Amino acid sequence: MRTALVLLGLLALASAVGSLLPQIPNSPERVGAYLVDHPFWGQLFLRGGFFDVFGSWWFSLVTALLFVSLVACLIPRSRAMLRAIRQRPVQAKELEALPHHVAFEVAVPPEVAVERAQRVLRRRMYRVAAAPDGRGVAAEKGVLRETGSLTFHWAFLLLLIAVVIGKGTGYTGHATIVEGQTWTDAAFNYDGDLRTGRFSSGQHTGAGIHLIDFEDRFRTSGIPMDFASEVELLDANGNPVRRDEVRINHPVGFDGLRIFQYGFGWAPIVVVRGGGATLSDGPVVMVQDAGADGNQLAAPGEGFVKLPTLRPQYAISLELIPDSTAFIQSLISGVPQPMTQVRAPFMRYTLWQGRILDPSLNGLDTRLMHKVSTGIVGRGWTVDVEHGCVVSGTSGALPKGLARTVCPAGAPAPALTLSFPELRQYTRLQVSKDPTVPFVLGAAILILLGLVAAMYSSRRKVWVRAEAREEGTVLQVGGYALQRKDRFEEEFPKLVADLRAATGGGRREREREGAAAR
Amino acid sequence: MTAARLSSDLFNAALFAYIAAMVLSFAYLAFRKRPFHVAALTVGWIGVSANIGSIVARGVAAHRTPWGNMYEFSSLLACLVVLAYLVLVEGRYKVQTVGGFVFAFAIFTMALATSFFYVGPTDLLPALNSYWRQIHVTSMIVATSLLATGCVFTILYLVKVRSERREVSVLRSQDPPPILGGSVDADAPPDYVPGADEPVGAATSPAPRRGLPPSATLDRLAYRFIQFGFPIWTFGVMCGAIWAQQTWGRYWGWDPKETWSFITWVIFACYLHARATAGWRGTKAAGIALVGFVSLFVTYYAVNLWIAGLHTYAK
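What counts and how
For every chain, the first residue of its written sequence is number 1, and the numbers climb from 1 along that sequence. The naming scheme follows written order: chains are lettered A onward, ligands numbered 1 onward. Only residues with pLDDT of at least 70 are given local features in this predicted model, and only at 80 or more are side-chain atom pairs given and counted; all residues enter the totals for whole chains, interfaces and linings. Two strands are counted as paired when DSSP detects at least two bridges linking them. Put simply, DSSP H or I for four residues or longer makes a helix, DSSP E for two residues or longer makes a strand, and each gets a number counted from the N terminus. In this analysis an axis means a line fitted to C-alpha atoms, helices contributing only their contacting stretch, and an angle means the value between N-to-C directions, from 0 to 180 degrees. Here the word oblique covers every angle except those under 35 degrees (roughly parallel), over 145 (roughly antiparallel) and from 65 to 115 (roughly perpendicular). For any pair of crossing helices, the crossing counts as left-handed if the nearer helix is rotated counterclockwise from the farther one by less than a right angle, and right-handed if it is rotated clockwise. In this document the domain limits rely on a domain assignment from an automatic tool or a database. Contact definition: two residues whose C-beta atoms, as placed from backbone geometry, lie within 7 Å. On a scale of 0 to 100, pLDDT captures the predictor's confidence in every residue.

Asker: Got a sec to walk through the sheet that holds strand 9 (residues 240–247) of chain A? Specific residues and values, please.
Answerer: Residues and elements named next belong to chain A. A sheet is described by the order of its strands in space; here 4 strands give the open sequence 5-7-8-9, paired in antiparallel fashion. Looking at which strands have only one partner, the edges of the open sheet turn out to be strand 5 (182–184) and strand 9. Across the sheet, the mean angle from the axis of one strand to that of its neighbour is 30°, orientation sign disregarded. In this structure, strand 5 lies alongside strand 7 (residues 208–218), joined through 3 bridges in antiparallel fashion. Bridge pairing in strand 7 places Thr182 opposite His210.

In structure tokens, the structure reads:
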């Protein structure tokens, strides 16, 4: 037991270190900053696995040792307990010497008194054994204490195993799905942060999630109320199985996966045409960066369209304002207003020409590019990107003061056009597979039950002896409790009263209450 | 008067009542005059009523159960600690001299709440909108209040053990009284408690002396509170894990708050084991409980103030 406690203490110590130092799985950027600021300690910590405490070999080692120590401790204890359960209570002789002792006369012969005493004790859930001479009863209660303690410890072990298997064979990652699109569970479809367990087979289910609609609701104060993704779930062959709604605090289970609402954002449909061909057509996932004030909803969405096939290469960076009314209010008041509705959305675009260094759509490296033009494009417009003027589309409800330069009549056909036909939303779902969650829950429930049983039950022993005297039968009752002695002090007189009532005792009492427990 | 205003007025009233009750309790501890004790209890109950009133008014003002941020947790924690003291220690165990320390703890908690954590009654983020929040937070605060009360008694126990040891060593240095014909049995250390489960009241029966109750009584009180609080803490952590599974998609992610609640759990588990192990009872076990106390406070305050994590919304 002491070894297990020391190991548990080591786990606690390691966890404390893990909570104080930045951890690679949670905040890799802070680990990087630490390495730059404290090169010596940083390197030392990195080598020792202190930046990934919970995934380090020594954390696993301590867990494994704890496991071994628990098993080594629990097997003999469980055997002893099984033996103790099968064993019959042992008879006692000197009942007067027990902490609680009472003797009184009863109206019935000794055999009958013993018989009735057994019945009383059984009714009180005692395990009962009659003495070989038929004149005494030994009774015990409180197996629950050791049973509960063992349940607790075995369940703790089960929890440990279930957690290791679940985290080891499962995976978790994030999926970005634009309204109307379908996402399939495969390693390369995750957002680049897929975390797989150590013993994972690398197999994914191939199940599909089709986003029908995303809905966000806000209070007037801009505090979010609810986010919900209405999805259609597809099996591995692409056949629709059922429709469901993924909401905050309401995950959806499907095909061994758990799907959680994680984030959301804007995804305008952007069409780029040039030289009579469509160069790019589809939703652009916009990222809103929370500024210094942390108000993410007030920030414009940022996204990119890259055209690497053109010579020279082109890229368009886009800045989306979904709610121009709130945007204008922000400009006037100087206080960023959250943009939670779609009101005359528009985008500011910048056309870049040069060499694209990074093909990913998360950012744009403009070191080898130069700015060609900038302008705005409202929903439903088509613009000449190179000249920054509007080819078609009405100003609609766009606020006054936003420059809208119409291309001059009779100008040559634009080489590159950009259209913004539609504004959609995307949802970010967390997709996790953890096959042992039910076992973890079951083990947790057993831990709790075992704990309460072990703490709030107590072992009690009671003996009854009936002796024939010249004037009748004298019944002696003695007992003691190994734990919770104050409770037994209250219980014992009630037990005696029951025995007395059952045996017709009480006449000419000779009661000598034993000294209370020290 | 709005409910929000009423809530903060009652909060202040409770805080002042606790301060008065603390002073009166310490006066009783020092002078052993009955009226001090009666007055302390009366003012203590007034404080608890005001505290409960403040919490209810806060709930009315915010249209939700009023335990959603650190200010609200702290108010509830102070209320439960004082309530546990008044009902269990005074009512059930009939120990009357330790109230001042419990009130001091409640004052400390509430003062921190008003000076560092105050926020107006506002709506919660949707992630907090779950009935698991109610169960998780309620049981965590109840457990925190019980464990913290147990730890207050542990500190008092250690203080008392020191003074008892000093008495023993004074007796030992004197010549043995001739009538006893031998030395005072100074080899049985006063921290040796043969039966941890014996009734708390049993040790209080010796003639009342000035100062704290005997160390054995304080030790048992500490044990009772920690034993009561530990399963509730376990339950609260488990509910938190269930809620985390629903909201964040994992039941355990080594978030600082999770990590520290686990550390606290381990330390108090060690305390309970130490209590059941010969040679570790008494001051050694009390030492473990003190470490648990520190860990409890790291879990409760430090994680929110200094360590970034998912529980930062509870600021």
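Asker: For the packing of helix 1 (residues 3–31) of chain B against helix 2 (residues 34–62) of chain B, give the residues involved together with the corresponding values.
Answerer: Residue and element names in this part refer to chain B. Remark: helix 1 packs on helix 2, axes separated minimally by 7 Å, with the N-to-C direction vectors making an angle of 160°. Between helix 1 and helix 2, the crossing angle belongs to the class labelled roughly antiparallel. Of the two possible hands of crossing, helix 1 and helix 2 adopt the one that is left-handed.

Asker: Give a detailed account of the domain arrangement of chain B, specifying residues and quantitative values.
Answerer: Residue and element names in this part refer to chain B. Split by domain assignment, chain B resolves into domain 1 (1–123) and domain 2 (126–170 + 189–315). Between domain 1 and domain 2, the contact holds 23 residues from the first and 25 residues from the second. Among the elements of the structure, helix 3 (70–92) and helix 4 (99–116) are those that each provide at least two residues to the side of domain 1 that touches domain 2. Top element by residues in the side of domain 1 that touches domain 2 is helix 3. It accounts for 9 residues.

Asker: Report on the sheet that holds strand 1 (residues 100–106) of chain A, specifying residues and quantitative values.
Answerer: Residue and element names in this part refer to chain A. With antiparallel pairing, the 5 strands of this open sheet are ordered in space as 1-22-21-3-2. Every interior strand has two partners, whereas the edge strands, strand 1 and strand 2 (127–130), have only one. The mean angle between the axes of side-by-side strands here comes to 15°, regardless of whether they run parallel or antiparallel. Relative to strand 21 (residues 460–469), strand 3 (residues 136–141) runs antiparallel, the two sharing 6 bridges. Considered in strand 21, the bridge of Ala139 is made with Val462. On the sheet, helix 5 (residues 110–123) packs against strand 1, strand 2, strand 3, strand 21 and strand 22 (472–481) and is oriented at approximately 165° with respect to strand 21. Against the sheet, helix 9 (residues 485–503) contacts strand 1, strand 21 and strand 22, and its axis sits at roughly 160° relative to strand 22.

Asker: Explain the confidence of the model for chain B residue by residue, including any values.
Answerer: As a note on interpretation, predicted positions should not be read in detail where pLDDT is low. Residues and elements named next belong to chain B. Looking at chain B as a whole, its pLDDT mean stands at 79, while 81% of the residues score no less than 70. Across chain B, element-level confidence peaks in helix 7 (residues 256–275) with a mean pLDDT of 90 and bottoms out in helix 4 with 84. Throughout residues 202–208 the model reports pLDDT below 50, and contacts reaching past four residues in sequence, or to other chains, amount to 9 contacts. As a predicted assembly, this complex carries a pTM of 0.77 together with an ipTM value of 0.78.

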